[in-house]
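Spelled out from the first residue to the last, the chains are:
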Amino acid sequence: MEEILSQLKRIIESFAYKRIDSSFLDKIAPAVNELSYDFTAGRQDWNKWNRYMNSEQLLLAYLVYYLPPNLCKIFQICRQNQTIIEKMINKKGVLTVLDIGCGPGSATLGLLFYLLKRRQGELRTIELWLLDSSAPAMYAAKRMVNLFVQQTGFVPQLNINCVKGTLDNFRQKKGFDLILAADILNEIFLQRGWTEQIKGEFCNRLRTDGILFLLEPSLRSTGRQFLKLRDHLLKDRTFYPLAPCLATLSCPALDNPKDWCHHAHDWPRPDFIAYIDNKIGRCKDVLKYSYLLACRGEAVQRLMSGKLEGEAWRVVSSLMEEKGKFSLFMCGRHGRFKFTLLKKEINNSNAPFCSLQRYDLVSISRYEKKGKEMRLYNNSEVRGSLRK
């Protein structure tokens, strides 16, 4: 990821026609503080959302401080779920992508950097559609993508289409392989009660074997709204979950008003972001987010086939060592459960349980429900541990 961030720094410098040095960072640090307020305490003021695209100082502050971590979130999720992402690329070698509320291109660039690092042989063409209600944002994204192609030697042909508007009035194309919506649902749709409309729009524009990729901030308020949208998308099996969890029932995190599902990863924070952190008293040293990969119900078998044998579970906690046993929480098709393995029962077939980490995807056979727990025994088998 260090190499990606180094390449991204050069792209941003080319966009800004300026070097990212201490003098430049001193000038934009106040603008970062201003954006920080707009994206948190001031998020209810809808008039502020697009104004940073019309201000050179605020736009540069966003590109330098917010775009790198947002890009890395998309890249990390793609890498963790690369088996699914690879199956998304159709046999004709053409990938069609819609980036809803593209902003200056964070999500698209995260995807492109992932595709850059994979083998590119079978992917010949990418049809990219950038959709945003802000024309300056859309064209900033287009310019950032063009600079990415120029500076990285990206091989597939990339055709860029820019459309000013919103999802509900987007009529140019249907049948996308991938729909991206990053940090946009809570800003625009959910607050306005458009949940049912969003579901229909996603369903109408996605190919039957396409993937829906949603990313939202890790705040509790936005995270819980996101889980409600997740449950609504999965209701009546219109969509089927691929990641992070595989549960098709209502998310159990919504049972407790203090809970929500989110992820946290360390990342190689660039020196220029650390410099701004020191100036404004923040510390962006961890990537935090909520996300969902989903597909239409009829595509789930193709996208998940060969990934794991048996019943699949996603690890959603750290391994807990207690007196005489190991425990952790996992989410599966039927919800979230605590799994326990007694130390005296450990053998070669179940020993992988003791090395599982959060976000691993595994299959477990021959376990038993005892009270509120799932108990593993000496005949239990743990397979997989796919940590991409």
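To be clear, the structure that these remarks concern was listed above.
Residues numbered from 1 in each chain as written. Predicted model: local features only at pLDDT ≥ 70, side-chain atom pairs only at ≥ 80, totals over all residues. Heavy atoms only, no water.

In this structure, Val64, Leu115, Ile126 and Met144 are the most contacted members of the largest nonpolar core, which totals 83 residues. Element by element, the count of residues in this core is highest for helix 3 (residues 56-80), at 16 residues. Ignoring any residue separated from it by four or fewer positions in sequence, one finds Met144 in contact with Leu8, Ile11, Ile12, Phe15, Leu63, Leu67, Pro104 and Leu109. Residues Leu212, Leu214, Leu292 and Ala294 belong to the second largest nonpolar core, which totals 25 residues. (Core = buried A, V, L, I, M, F, W, Y, C linked by side-chain atoms within 4.5 Å. Buried < 20%, exposed > 50% of the residue type's maximum accessible area, 1.4 Å probe, protein only. Helix = DSSP H or I, 4+ residues; strand = E, 2+ residues; numbered from the N terminus. Contact = heavy atoms within 4.5 Å.)

Before going further, it helps to examine the environment of Lys284. Mapped onto the secondary structure, Lys284 falls in the loop between helix 10 (271-280) and strand 8 (286-296). C-alpha separation for the pair Lys284 and Pro270, spaced 14 residues apart in sequence, amounts to 9.9 Å. Filtering out sequence-adjacent residues up to four positions away, Lys284 remains in contact with Tyr65, Tyr66, Pro69, Trp267, Arg269, Ile273 and Asp277.

We now examine the packing of aromatic side chains. As enumerated under the stated definition, the model contains 12 aromatic pairs in all. Centre to centre, the rings of Phe113 and Phe148 are 4.9 Å apart; their planes meet at 75°, and the pair counts as edge-to-face. Residue Phe113 is found in helix 5 (residues 106-117), and its partner Phe148 is found in helix 6 (residues 135-152); the two are separated by 35 residues along the sequence. Of the two residues, Phe113 and Phe148, both sit in the buried class. Geometrically, the ring pair formed by Trp129 and Phe176 is edge-to-face, given 6.5 Å between the ring centres and 80° between the ring planes. One end of the pair, Trp129, is in strand 2 (residues 125-132); the other, Phe176, is in strand 4 (residues 176-182), with 47 residues separating them in the sequence. Across the pair, Phe176 and Trp129 agree in class, each one buried. Ring pairs connect the aromatic residues Trp313, Phe337, Phe339 and Tyr367, which therefore count as one cluster. Cation over ring: Arg143 sits above Phe15, and NZ or CZ is 4.5 Å from the ring centre. (Phe/Tyr/Trp six-rings, centres within 6.5 Å; stacked < 30°, edge-to-face > 60°. Lys NZ or Arg CZ within 6 Å of the ring centre and 35° of its normal.)

With respect to burial, strand 12 (residues 335-342) is a largely interior element, seven of its eight residues being buried. Sheet analysis places strand 11 (residues 325-332) next to strand 12, joined by eight bridges and oriented antiparallel. In the sheet register, Ser327 faces strand 12, and the bridge partner there is Thr340. Between strand 11 and strand 12, which pair antiparallel in sequence order, lie two residues. (Pairing = 2+ DSSP bridges.)

Attention now moves to helix 10. Within the sequence span of helix 10, burial applies to Phe272, Ile273, Ala274, Ile276, Asp277 and Ile280. Turning to helix 10, the residues buried within the fold contact helix 1 (2-16), helix 2 (22-39) and helix 3.

Before going further, it helps to examine the environment of Leu215. One can find Leu215 in strand 5 (residues 206-216). Using a relative accessible area of 1% as the deciding quantity, one classes Leu215 as buried. Separated by 75 residues in the primary sequence, Leu215 and Ser290 place their C-alpha atoms 5.8 Å from one another. Once residues within four sequence positions are removed from consideration, Leu215 is found in contact with Lys73, Ile74, Ile77, Ala181, Ala182, Asp183, Tyr289, Ser290 and Tyr291.

Of all 11 residues making up strand 8, nine are buried, and the element is well covered by its neighbours. Bridge analysis of strand 5 against strand 8 gives six bridges, and the strand direction is antiparallel. Its bridge partner being in strand 8, Ile211 is matched across the sheet by Cys295. Where strand 7 (residues 263-266) and strand 8 come together, four bridges link them in antiparallel fashion. In the sheet register, His263 faces strand 8, and the bridge partner there is Tyr289.

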